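Single-letter residue listing:
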Amino acid sequence: MTGANRGIGLEVARQLAALGLRVVLTARDPARAEAAAAALPGDVRAARLDVASQESVDECARWAREELERVDVLVNNAAILYDTWAHARDADLDEIREALETNLLGAWRVTQALLPLLERSANGRIVNVSSEGGSLASMGGGTPAYSVSKAALNALTRVLAAELPRMRVNAVCPGWTATDMGGRGGRPVAAGAASVVWAATLGVDGPTGGFFRDGRPVPW
């Protein structure tokens, strides 16, 4: 699971471990990943992973091949730049590029790197943690880096689901959640995380290629 040392990612790791899954919690800072994993009950391991670095992704994938028999679930949670201050008409394109590097390409490169291990699972699942901010049906102005990168992540979800029919590949919006990125006033982190856990624990007959919050479809 990427971006899992705090916020929704950490709570998803907690809930999955409570269900008896072995969880690999990753973060850019290995010390923070170790501290987060040590604070959780259950079978939780830590690994360093910077999704914006192909070298880091390759290194983590090598570790996974050596340490894990297979990967049943990949949760692409790492995300940056909720740019509430910005507008598309005069956005800093370097910021846009930075957001795409993590929010879209990060999930893409991690999925590619771990795909051989996911294909060993009898019920492989990929969960792309997205946002209704990336929904074309309700998108408005503002937050251009975040909104465009999440819309692109949703598109990647659809493409991967079509190409990997044996797996469950879905995008999930946790909703406005009280985290460092979401700020105060959102719903409890546990509720947002539960939405992700639902998709991470789907059976082989569960939906694929969809966009969900709390187990219910969200308009694309």
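Residues numbered from 1 in each chain as written. Predicted model: local features only at pLDDT ≥ 70, side-chain atom pairs only at ≥ 80, totals over all residues. Heavy atoms only, no water.

Explanation requested: the packing of aromatic side chains in the structure shown.
For any pair of aromatic rings, the description rests on two quantities: the centre-to-centre distance and the angle between the ring planes. Scanning all chains against the criterion turns up three aromatic pairs. Relative to Tyr 146, the ring of Tyr 82 has its centre 5.0 Å away and its plane inclined at 85 degrees; by these criteria the two rings are edge-to-face. Taken together, the positions of Tyr 82 in the loop between strand 3 (73-76) and helix 4 (93-118) and Tyr 146 in helix 5 (residues 144-163) put the pair 64 residues apart, joining distant regions of the chain. A relative accessible area of 38% means that Tyr 82 is categorised as partly exposed. (Phe/Tyr/Trp six-rings, centres within 6.5 Å; stacked < 30°, edge-to-face > 60°. Helix = DSSP H or I, 4+ residues; strand = E, 2+ residues; numbered from the N terminus. Buried < 20%, exposed > 50% of the residue type's maximum accessible area, 1.4 Å probe, protein only.)

What should I look at first to understand the pattern of salt bridges in this one?
Oppositely charged side chains may form a pair once their charged atoms are brought near each other. Per the stated rule, a full pass over the model turns up nine salt bridges. With its nearest N and O atoms 2.5 Å apart, the salt bridge here joins Glu 101 to Arg 109. On the accessibility criterion, Glu 101 (26% relative accessible area) is partly exposed. Overall, Arg 109 belongs to the buried group, its relative accessible area being 13%. A salt bridge links Arg 213 to Glu 132, with the shortest nitrogen-to-oxygen separation between them at 2.9 Å. With Arg 213 in strand 6 (residues 211-213) and Glu 132 in the loop between strand 4 (125-129) and helix 5, the pair connects residues that are 81 residues apart, well separated along the chain. Here Arg 213 falls in the partly exposed class, since its relative accessible area comes to 25%. Via salt bridges that share partners, Glu 69, Arg 70 and Asp 72 belong to a single interconnected network. (Salt bridge = Lys/Arg side-chain N within 4 Å of Asp/Glu carboxyl O.)

Sorry if this is basic, but what is going on with the sheet that holds strand 7 (residues 216-217) here?
For sheets, the rule is that strands pair by backbone hydrogen bonds, running either parallel or antiparallel. Pairing is mixed in the open sheet, where five strands are placed in the order 3-4-5-6-7. Because the sheet does not close on itself, it has two edges, and the strands there are strand 3 and strand 7. Of the strand pairs in this sheet, strand 4 and strand 5 (residues 168-172) are connected by five bridges, and their pairing is parallel. Residue pairing in the sheet places Asn 128 in a bridge with Ala 171 of strand 5. On top of the sheet, helix 5 reaches strand 4, strand 5 and strand 6; it is set at about 165 degrees to strand 5, its chief contact. Its contacts with the sheet put helix 6 (residues 189-200) on strand 3, strand 4, strand 5 and strand 6, and the angle it makes with strand 4 is roughly 155 degrees. (Pairing = 2+ DSSP bridges. Contact = heavy atoms within 4.5 Å. Axes fitted to C-alpha atoms, helices over the stretch in contact; angles between N-to-C directions.)

I'm lost on unusual backbone geometry in this one. Help?
Outside of glycine, negative phi angles account for most residues, and trans bonds account for most peptide bonds. The backbone of Thr 143 shows a phi angle near 40 degrees, a positive value even though the residue is not glycine. By the secondary structure assignment, Thr 143 is in the loop between strand 4 and helix 5.

Is there a simple way to think about the packing of helix 1 (residues 7-18) against helix 6 in this case?
Two measures define how a pair of helices packs: the angle their axes make with one another and the distance between the axes. Closest axis-to-axis distance for the helix 1/helix 6 pair is 8 Å, and the angle between their directions is 60 degrees. Viewed along their axes, helix 1 and helix 6 adopt a mutual orientation that is oblique. Considering how the two elements wind past one another, helix 1 and helix 6 form a crossing that is right-handed. Touching Gly 7, Ile 8, Glu 11, Val 12, Gln 15 and Leu 16 of helix 1 are Val 189, Ala 190, Ala 193, Ala 194, Val 196, Val 197 and Ala 200, all from helix 6. A per-class count over the contact of helix 1 with helix 6 returns 10 nonpolar, two polar and one charged. (Parallel < 35°, antiparallel > 145°, perpendicular 65-115°, else oblique. Left-handed = near helix turned anticlockwise from the far one by under 90°. Nonpolar A, V, L, I, M, F, W, Y, C, P; charged D, E, K, R; others polar.)

Help me understand helix 1 in this model?
For the α-helix, the turn length of 3.6 residues means that residues three or four positions removed from each other point alike. Taking 1.5 Å per residue, 12 residues should reach 16 Å; helix 1 reaches 17 Å between its end C-alpha atoms and fits that length. Taken across its 12 residues, helix 1 has nine buried, putting it largely inside the fold. For helix 1, every residue scored as buried is listed here: Ile 8, Gly 9, Leu 10, Glu 11, Val 12, Ala 13, Gln 15, Leu 16 and Ala 17. Those residues of helix 1 hidden inside the fold are in contact with strand 1 (23-27), helix 2 (30-38), strand 2 (44-48) and helix 6. Of the residues trailing helix 1, Gly 20 is marked for its positive phi of about 95 degrees. (Expected span 1.5 Å × (residues − 1).)

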